[in-house]
Amino acid sequence: MTSETTSAPDSRPIRVRIAPSPTGDPHVGTAYIGLLNYIFAKQRGGQFVLRIEDTDRTRFVASSEQMIFDALKWVGLTWDEGPDVGGPYGPYRQSERTGIYREHADILLANNTAYRCFCTAEELESARERQKAARQPPRYDGHCRRLTPEQVAANLAANKPHVVRLSVPLEGSTTFRDELRGDITFDHTNVDDQVLLKSDGYPTYHLANVVDDHLMRITDVIRAEEWISSTPKHVLLYNAFGWELPKFWHMPLLRNVDKSKISKRKNPVSLVYYRESGYLPEAMLNFLGLMGGGMAQPTEEEIVSKHLNTKEGDIFSLAEMLEKYDFKRISLGGPVFDLVKLKWLNGEYIRKLSPDAFFAALRHTILSDDYIQAIAPLIQARIDTLGQFGDMTGFFFSDNVLPPETVWLPKKRTFEDTVAFAAEQLATLEAAAWDAASIETTLKELGEAKQWSVKENFMLLRAILTGSTTSPPLMESLIVFGKSRSLDRLRRFLETQKKLANQRK
RNA sequence: GUCCCCGUCGUCCAGCGGUUAGGACACCGCCCUUUCACGGCGGUAACACGGGUUCGAAUCCCGUCGGGGACGCCA
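In every chain, residue numbers begin from 1 and rise along the written sequence. Chains and ligands are labelled by the order in which they are written, letters from A for the one and numbers from 1 for the other. Local features in this predicted model are restricted to residues whose pLDDT is 70 or higher, and side-chain atom pairs enter the listing and the counts only when it is 80 or higher, whereas totals over whole chains, interfaces and linings include all residues. Working from all heavy atoms in the structure, the side-chain values ignore hydrogens and water.

## Comments concerning the pattern of salt bridges
Take a side-chain nitrogen of Lys or Arg and a carboxyl oxygen of Asp or Glu: if they are within 4 Å of each other, that pair is a salt bridge. For the structure on display, the rule yields 33 salt bridges. Asp-399 serves as the salt-bridge partner of Arg-492, at 3.1 Å between the closest nitrogen and oxygen. Of this pair, Arg-492 sits in helix α21 (residues 483–504) while Asp-399 sits in the loop between α15 (389–397) and α16 (405–408); the two residues are 93 residues apart in sequence, bridging distant segments of the chain. With relative accessibility at 40%, the residue Asp-399 sits in the partly exposed group. With a shortest N-O distance of 2.8 Å, Arg-413 and Glu-456 are connected by a salt bridge. On the criterion of sequence distance, the pair formed by Arg-413 in the loop between α16 and α17 (415–431) and Glu-456 in helix α19 (residues 454–466) is long-range, its members being 43 residues apart. Judged by relative accessible area, Arg-413 falls into the partly exposed class, the value being 21%. Type-normalised accessible area, obtained with a 1.4 Å probe on protein chains alone, sets the label of each residue: buried when under 20%, exposed when over 50%, and partly exposed for intermediate values. Using a relative accessible area of 17% as the deciding quantity, one classes Glu-456 as buried. Several salt bridges converge on common partners, so that one network encompasses Arg-17, Arg-51, Glu-53, Arg-97, Asp-212 and Asp-213. Only DSSP runs of H or I covering at least 4 residues are called helices, and only runs of E covering at least 2 are called strands; the numbering of each starts at the N terminus.

## Observations regarding the packing of α17 against helix α18 (residues 436–450)
To obtain an axis, a line is fitted to C-alpha atoms, over the contacting stretch when the element is a helix, and the angle between two such axes runs from 0 to 180 degrees between their N-to-C directions. Axis separation between α17 and α18 bottoms out at 10 Å; the angle between their running directions is 145°. In this structure, α17 crosses over α18, and the sense of that crossing is right-handed. Contact with α17, carried on its side by Phe-421, Glu-424, Gln-425, Thr-428 and Leu-429, involves Ile-439, Thr-442, Leu-443, Leu-446, Gly-447 and Lys-450 of α18 and no other residues of that element. Classes in brief: Ala, Val, Leu, Ile, Met, Phe, Trp, Tyr, Cys and Pro nonpolar; Asp, Glu, Lys and Arg charged; the others, Gly included, polar. Partitioning the contact of α17 with α18 into residue classes produces five nonpolar, four polar and two charged. Helix crossings get a hand from a simple test, with the near helix turned counterclockwise from the far one by less than a right angle marking a left-handed crossing and a clockwise turn marking a right-handed one. The contact definition used throughout considers only heavy atoms, calling two residues in contact when any of these lie within 4.5 Å.

Encoded structure:
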């Protein structure tokens with residue numbers, strides 16, 4: 001049995017969506033995929049939908065949704081339908097659609113394309129271990145698929161917690177068309193019986209995304225490449241419901257410098273970081289547009305007729321992207337998110353600003369009243385003339401703060417131990433809520449566990465953050481400076497020390 | 001490990017069977033300049049490898065190698 005794709009007829013009005021998950025800071029990848037979806041819709045007179053995929057209640061972060069809205073608006077992307085603006089196919093928050101998913105799971109249960117599974121997390125875990133040990137691909141063994149109706153009824157009567165799994169055909173394969181790559185085939189022996197409905201009653205991405213994309217009349221699914229391997233499950237689901245397939249466009253993944261999938265351990269990924277560090281949204285959007293190569297470079301004739309500088313081919317606005325971006329041009333190699341080039345591009349945008357606009361940009365970010373007002377109380381008692389303001393607050397306004405070893409290395413500690421401890425501080429702070437009490441508590445716990453005195457512990461962090469052993473209060477400084485920039489400073493410190501250590505070898 | 005995707009300068013892109021393989025960032029040099037930056041000019045630097053197909057391959061096909069992703073009651 002082989003499933004064939006049938007593409008949506010081109011007569012349907014184009015509708016695309018971006019579906020971020022509110023699990024933390026808004027991600028550059030979200031802006032990247034959002035931009036692409038936005039361009040795709042606008043070029044075709046279509047609609048761009050924002051859907052919040054908040055079905056993982058364990059990773060849910062309450063403040064995240066608003067940050068996602070703000071970040072997308074900051075880069076200049078607006079959506080036609082979404083949780084905040086509504087629309088004809090709402091609600092647009094998946095947590096508000098759980099009834100819909102349950103109904104649809106029932107449809108699959110009824111037509112035998114899904115089954116209930118009563119296996120516990122522990123059982124699954126040990127099965128996975130066994131498979132790994134036997135060098136088998138980790139897959140669900142299909143135990144509950146073979147349950148008799150009587151056994152299922154008994155389990156249900158006993159109120160046993162369970163999930164609903166997709167019943168993937170044992171034989172055959174599924175082929176789907178990727179609009180950028182052509183046909184892709186997966187043998188069903190390589191497609192797992194994916195959980196569709198979790199035991200807490202929430203759907204997994206796979207069910208929710210298929211149901212919502214259909215109900216919301218999405219015609220083109222433009223998402224990251226990491227989804228290719230689960231697309232056969234989605235195709236199977238569309239078929240199980242008897243629904244028409246959308247078109248799939250899998251975009252190459254943004255990469256760290258080492259080519260791995262972009263991640264916060266290796267690269268700043270929070271849009272909040274870029275905003276607070278003084279990147280201009282136009283530059284960010286331009287840079288994301290450069291990734292993947294969908295923009296044609298100007299021809300020689302254009303360069304001559306429009307008197308373009310050769311570098312102008314890399315500089316373009318959202319309006320120009322709308323006009324010229326061509327999805328068929330996208331190159332499939334994963335582009336490295338190169339901060340060096342982003343910085344250059346941002347510089348180009350800064351230089352183009354009128355003096356008034358440049359001043360305004362400063363006053364909206366690094367020199368905003370809010371920022372200075374937050375800093376002022378930290379140093380009021382510590383200066384004697386207003387002219388000394390900058391002496392103690394420079395680190396709040398600097399990008400590169402790299403203290404020498406004489407400043408950050410405690411007398412009784414070795415280089416290696418100290419760098420290792422700073423890495424622990426980073427991990428601890430990453431997980432911390434950003435308020436003084438939380439930061440202080442978690443840091444002290446770390447210090448106790450690792451036998452670092454409070455003084456050594458806090459002084460190290462102070463040195464890394466401020467570049468000095470004399471500074472305004474640490475907790476308050478961290479909070480005013482902001483989580484994303486503080487963590488970035490710590491990461492850059494570690495990176496620099498690692499490089500220096502390697503050079504010495 | 002299994003499956004899938006990908007493969008042009010260090011990085012981002014151009015190239016679609018015939019080019020001295022082009023541009024941008026970065027780097028280096030020169031010019032401008034009281035400094036730095038900006039700007040201008042120039043330079044170093046790539047078709048992963050091996051087989052085909054072809055009069056001719058960076059371009060088409062196959063294999064190898066390399067990189068990446070997925071393999072969760074995460075998205």
